[in-house]
Amino acid sequence: MNSPAAPPPDRSACPAGTFGWGPLACMAGLFFIIGFATWLNGPLIPFVQVAFSLDDVSAFLVPLVFYIAYVIFALPAGHLATQTGPKRTLPRALGGMALGMAITAGGLHAGLYPLALTGLLTLGGGLAFLQVAVNPYVTLLGPHARAAQRIAIMGVCNKLGGIVAPLVLAGLAMRNMGGLTASLTHAPDTPARAALRAQALDALAGPYLGMAVLLAAVAFGIARAHLPDLRRAPSSAPSHEGVSATSHPHTVLTRPWPLHPRAVLGAGAMFLYVGVEVLAGDAIGTYARASGLPLNQSGFFTALTLSCMLAGYLCGLALIPRRISQERYLLLCCLAGAGLALLACATHGYASVLCLGLFGFANAMIFPSLFPIALRGNAADSARISALLVMAYSGGGIMPQVFIRLAAHVGFHPALALVSLPSYLMIAVYGWYFSRPHPLALMEQAPS
C-alpha cells in the first residue's frame, strides 16, 4: 500500500517565495553591480576635484548629473517595462550602463570633464531602466510580508558592491592623491601639470573601461538566463498576496492617472531618503576634508558608510518580521538618523565623520520598508509606481547640491543637520501614517 504523497513544501515562510532562490540569487548579482556602479561616485568626487581643479559645487555635478538621469529616463523605462516586461528590460538596461561606463572612461582619458559627465548621465540612465525593472520584480517574487527581507538581501549585495567599489578605485587610481595635489601645486609649468593630470586620469579610466566590458558580458548572460516572466507567467504560476502573476497579464500600468496618494507621497519620501543616503556616502569625503582630515583617506570614507549600511541590513534581516514589523523598524531608523545628525553637528574631526558614516546603519532598512509601503495594494500599477519612485532617486543629486551650497554659508556641520533632520522627520511621518489602517488606506485597496 502506497503511503500518501507528502504535501508540497510551504514556501510562504521563505523570503525567496514560490519561485525559489534561483531568480533571487540572479537579482542579488544585479544589485551587487548596481552598488558597484552607483557608489563609485563617492571617491570620484574628490578625485575629479583635484584632477580637473574644480571647486566644491562643480565637483558635486558628479552626483547631480548621475541622479538627474533618473528623472529623465524613469518614465521611458516604465513604458519599456510595461511593453516588454521587466525580464526583457534587464539586459537592455545593463547594455546602457556598459555604454555609460565606456563614455566616462573616454572622457577621463581625454581629460574632458563634460564628456565624463555625459558618460555618468548615460550610466545613470541605464541604472534607471534597471531599477524600474528589478525593484518591483524582487518585490513580487514572494509574499508581501517578507518583501522587506527580500529587498534587504538585495541591499546587502548592493552595499557589498558599494564597499568594494571605492576600495578598488582607491587602490588602483587614488593611492597617492595627496601627493598628486602637492605635485600639481608645485609643478613648475603648465605642461608639467597637464602631464600629471593626464597620468592620474588614465589610471582612473582603466577601471571604468573594465566595468564596461563586464557589464556587456552580464547583459548577455541575463538575456539568456531562464528567469520567470511575472508579467506573462503561465496560468499555473502561484499567487502572491492574492494577486497571481497572471491576474493582470497585460495590465501593468493600465490604470489611469492619478496614482494613489500612498504612491505619490511615497515618491516624496523616497526623494528625501535617497538624498540623505547619498549625502552620507558621496559627500562624506568632502565633509571629512572640511573637518581637517587627510585627503588620502577620502577614498575610504564611502566604504565606511556602506559597511555601516551592510551591518544595518543584516540587523534588519535578523529582526524583520520575526521581532518587529518593517513599518515600525522604519520609524526606529528615522529616529536613529535624526540622533546621529545632532551628534555629528555637536562633535568634530573623526568623531563627527564617524557619526555621518553611521548614517549608513540608520539608512539601511529605510528603503526596504519604503518601497513595499508605496507598492502595497497596487500590484497592477507596479511598473508605473516603480518609475515614479525611481524618478525620486534624483534626490541623491539635488540634496547634496543643497548641502554643499548651504555649507558655504553656515558651515558643514550645521548644513548637515539642516538637510538631514527635516528629511528623517518627514520620512517617519509618511511611514507612520501609511502603516496605520485609516480611510485613505482602505480607499487605495478598493477595486478601480
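A quick note: this is a predicted structure, and the numbers were derived from the prediction, not measured. (Residues numbered from 1 in each chain as written. Predicted model: local features only at pLDDT ≥ 70, side-chain atom pairs only at ≥ 80, totals over all residues. Heavy atoms only, no water.)

## Considerations on the packing of helix H10 (residues 261–282) against helix H18 (residues 412–434)
Contact geometry for H10 and H18: axes closest at 9 Å, N-to-C directions at 145°. Judged by the sense of rotation from one axis to the other, the crossing of H10 with H18 is left-handed. Across the interface between the two elements, Pro261, Arg262, Leu265, Gly266, Ala269, Leu272, Tyr273, Val276 and Leu279 from H10 touch Leu416, Val419, Ser420, Ser423, Tyr424, Met426, Ile427, Tyr430 and Phe434 from H18. (Axes fitted to C-alpha atoms, helices over the stretch in contact; angles between N-to-C directions. Helix = DSSP H or I, 4+ residues; strand = E, 2+ residues; numbered from the N terminus. Left-handed = near helix turned anticlockwise from the far one by under 90°. Contact = heavy atoms within 4.5 Å.)

## Section: the packing of aromatic side chains
Inspection of every chain in the model, using the stated rule, returns twelve aromatic pairs. Between Tyr430 and Phe434 the ring centres are 4.9 Å apart and the planes differ by 45°, which places this aromatic pair in the tilted class. Pair noted here: Tyr430 and Phe434 are both in helix H18, with a separation of four residues, about one helical turn. Owing to a relative accessible area of 6%, Tyr430 belongs among the buried residues under this scheme. (Phe/Tyr/Trp six-rings, centres within 6.5 Å; stacked < 30°, edge-to-face > 60°. Buried < 20%, exposed > 50% of the residue type's maximum accessible area, 1.4 Å probe, protein only.)

## Considerations on empty space enclosed by the protein
Applying the stated criterion across every chain, the model contains one cavity of 30 Å³ or more. There is about 260 Å³ of room inside the largest cavity. Considering the residues around the largest cavity, the lining is formed by 20 residues, among which Gln131, Asn158, Lys159, Glu277 and Phe367 are closest to the centre. Elements with a minimum of two residues in the lining of the largest cavity: helix H1 (21–38), helix H4 (61–84), helix H6 (113–139), helix H7 (147–173) and H10. It is H7 that contributes the most residues to the lining of the largest cavity, five residues altogether. (1 Å grid on protein atoms, 1.4 Å probe; cavity = no way out; pocket = protein on both sides within 12 Å on 5 of 7 lines; lining within 4 Å. Points joined across faces, edges and corners; volume = space filled by probe spheres on them.)

## A look at helix H13 (residues 326–346)
Compared with the 30 Å implied by 1.5 Å per residue over 21 residues, the 31 Å span of H13 between its first and last C-alpha is a close match. Within the span of H13, buried status applies to Gln326, Glu327, Tyr329, Leu330, Cys333, Cys334, Gly337, Ala338, Leu340, Ala341 and Ala344. (Expected span 1.5 Å × (residues − 1).)

## Observations regarding the environment of Leu358
Of note, Leu358 is situated in helix H14 (residues 349–363). The spatial distance from the C-alpha of Leu358 to the C-alpha of Ser307 is 9.0 Å, given a sequence separation of 51 residues. Residues within four places of Leu358 in sequence aside, it is in contact with Cys308 and Leu340.

## Side note on the environment of Cys333
Along the chain, Cys333 turns up in helix H13. We classify Cys333 as buried; its relative accessible area is 5%. The sequence separation of Cys333 and Ala428 amounts to 95 residues, and the corresponding C-alpha distance is 8.6 Å. Beyond its immediate sequence surroundings of up to four residues, Cys333 is in contact with Ala362, Met365 and Ile366.

## A closer look at the side chain of Gln131
As for its position among the elements, Gln131 is in helix H6. In contact with Gln131, other than residues within four places in its own chain, are Ile34, Tyr70, Pro136, Ser386, Val390 and Tyr393.

## As for the pattern of salt bridges
Scanning the model with the defined rule gives one salt bridge in all. The partner of Arg289 in a salt bridge is Asp56, with the nearest N and O atoms 3.0 Å apart. With Arg289 in helix H11 (residues 284–290) and Asp56 in helix H3 (residues 56–59), this residue pair connects regions lying 233 residues apart in the sequence. The partly exposed category is assigned to Asp56, whose relative accessible area is 24%. (Salt bridge = Lys/Arg side-chain N within 4 Å of Asp/Glu carboxyl O.)

## Here's the deal with a nonpolar patch on the surface
A cluster of nonpolar side chains, Phe32, Leu160 and Val164, forms an exposed patch at the surface whose accessible area comes to about 210 Å². Within the fold, Phe32 resides in helix H1. (Patch = residues over 30% accessible without salt bridge, like charges linked within 9 Å, V, L, I, M, F, W, Y side chains within 5 Å. Areas by Shrake-Rupley, 256 points an atom, 1.4 Å probe, with all protein chains shown as cover.)

## Here's the deal with the environment of Gly155
Along the polypeptide, Gly155 turns up in helix H7. Expressed as a C-alpha distance, the spacing of Gly155 and Phe32, which sit 123 residues apart in the sequence, is 8.4 Å.

## Notes on the state of the cysteines
Tallied over the full model, the rule gives zero disulfides. The thiol sulfur of Cys315 is not disulfide-bonded, and the nearest other cysteine sulfur, from Cys333, lies at 8.4 Å. (Disulfide = S-S within 2.5 Å.)

## Regarding unusual backbone geometry
Trans peptide bonds make up most of the peptide bonds, and negative phi angles are found at most residues other than glycine. Even without being a glycine, Ser53 presents a positive backbone phi close to 55°. Counting through the fold element by element, Ser53 comes out in the loop between helix H2 (41–51) and H3. Assessed through its relative accessible area of 47%, Ser53 is described here as partly exposed.

No statement about biological role is implied by the geometric values presented.
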